[in-house]
Amino acid sequence: MDTTPMDTTPVARRTGPTRRRMLGAALALGAVAPLGLARTASAAPAPAPASSGTGSTARLTLPAPTGPFPVGMVPLHLRDESRLDPNARPGKFRELMATVWYPARAADADAYPLAPWMTDGALKALLDDVGFPLPLSLAPLTAGHHGAPVHRTGRPLPVVLYSHGAGGHRGEHTIGVQELASHGFAVVTVDHTHDGITEFPDGTVVTRDGVAPGLYPKDYAADLLFLLERVVDLANGRNPDVDGRALPTGLLGALDARNIGVSGWSKGGTAAALAMVADQRIRAGLTFDGRMESNPAITTDIDRPFMLMTANYTRAASPYVETFWGHLRGWRLEVQATGAVHPSYGDNMTLIPQAGRLLGMTEQQIQSQVGTIDPDRCVLIQQAYPLAFFDLHLRNRHCGNLLDGPSKAFPEVVYHP
């Protein structure tokens, strides 16, 4: 839920009805909302609504991934002992929460519980921030089976790192993350501690409130580079969890440290580019409406594939994006979904329409938050294009012509050469 007006501004005051407030209000009001008001905007079947036994309730839902594999996930508690955290108490190393998403073994996946979109403590912090009570049972579930064994084929899994937007959390692009995992990728997401909402295993919840000096895209990028090293640990059979918690069967040795990509939304998209600049091991990068506004500006050439999925921050609209584009020396592509706006990317596209209906908002009011693009179509776009990109550049699979030019399957998507 990126609310920062510029990537170079780490913290911003929030005014007016924010996307976070809409979702918080919907979760709070869902306990008394008629079931019919919570129609999912998903493009695929979703979990059935929950009931508390005290009347009709409606759980917000996420669309199911389309790949052939069920999805597994496991959280990791990580500590970077090479960096002190300026936002924590003096002398404290930077600590992060991450999640590994992966294809799960079909025969066993259903025996493991579906993971929530956010942990209870993090969700409560979100709801406290917007001033609403806590109906945890109404929060969406993911398709990820917590701790399920990894589906192993004899080949290691290509890896995509993911960086969230300012003020967000590692679950805010779960639709796209679990889509990649269902098609055989490992995706590692991270909370950028002190610039979002995160909960640690001991129950400590950290938000961005009152943070100084705050986090910039370069700080996000440093988190991503640390995360890359933890991928190397997992690939080499080492458990990086600082608490030593058991990992899912088959995860150690399952990741391919030679095939790593990176993606991110907004500030996280800028961080993805900075991480590519800093480390040649990252073979491909994708940004969801990244502002590419960094201090200093990104003026280092990148010779590996990079894709821009834009909305507000196109090359035509942003000199920072145009400058960045001029330094892409390898394969490059910009696509723009007609009718999309900055928050159209990610789980917003499904959750905000559901939240808006719970709150009795008109379609026009909902569109003011997520754009005029049809939510179902936008979800399909976010599932198809990143998959095609990482399939091509991490697995050398050219699946159709989706990246070659305008597609009849997606007439909403404009290609900017």
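This text follows the structure it describes.
A brief structural summary. (Residues numbered from 1 in each chain as written. Predicted model: local features only at pLDDT ≥ 70, side-chain atom pairs only at ≥ 80, totals over all residues. Heavy atoms only, no water.)

### Remarks on the packing of aromatic side chains
In this structure the tally under the stated criterion is 6 aromatic pairs. Taken together, a centroid distance of 5.6 Å and an interplanar angle of 50° make the contact between tryptophan 331 and phenylalanine 389 tilted. On the criterion of sequence distance, the pair formed by tryptophan 331 in the loop between α7 (319–325) and β12 (332–337) and phenylalanine 389 in helix α10 (residues 375–395) is long-range, its members being 58 residues apart. By relative accessible area, tryptophan 331 is classed as partly exposed at 28%. On the accessibility criterion, phenylalanine 389 (0% relative accessible area) is buried. Ring geometry for tyrosine 385 against tyrosine 415: centres 6.4 Å apart, planes inclined by 55°, an arrangement best described as tilted. In this pair, tyrosine 385 sits in helix α10 while tyrosine 415 sits in strand β13 (residues 413–416), placing the two residues 30 residues apart along the sequence. Just as tyrosine 385 is buried, tyrosine 415 falls in that class too. Taken together, the ring pairs connect Trp331, Phe389 and Phe390 into an aromatic cluster. Just above the ring of tryptophan 325 sits the side chain of arginine 315; from NZ or CZ to the centre is 4.1 Å. (Phe/Tyr/Trp six-rings, centres within 6.5 Å; stacked < 30°, edge-to-face > 60°. Helix = DSSP H or I, 4+ residues; strand = E, 2+ residues; numbered from the N terminus. Buried < 20%, exposed > 50% of the residue type's maximum accessible area, 1.4 Å probe, protein only. Lys NZ or Arg CZ within 6 Å of the ring centre and 35° of its normal.)

### Observations concerning the sheet that holds strand β10 (residues 282–288)
Think of a sheet as strands paired side by side through backbone hydrogen bonds, with each pair either parallel or antiparallel. Spatial strand order, β3-β4-β1-β2-β6-β5-β9-β10-β11-β12-β13: 11 strands in an open sheet with mixed pairing. Whereas interior strands pair on both sides, the edge strands pair on one side only; in this sheet they are β3 (114–116) and β13. Each strand of the sheet is rotated relative to its neighbour by a mean of 30°, with strand direction disregarded. On top of the sheet, helix α5 (residues 217–235) reaches β1 (71–84), β2 (93–103), β5 (157–163), β6 (186–190), β9 (255–265) and β10; it is set at about 115° to β1, its chief contact. Across the sheet, helix α6 (residues 267–278) lies against β5, β9, β10 and β11 (306–310), angled at about 140° from β9, the strand it touches most. (Pairing = 2+ DSSP bridges. Axes fitted to C-alpha atoms, helices over the stretch in contact; angles between N-to-C directions. Contact = heavy atoms within 4.5 Å.)

These figures come from the coordinates and say nothing about function on their own.
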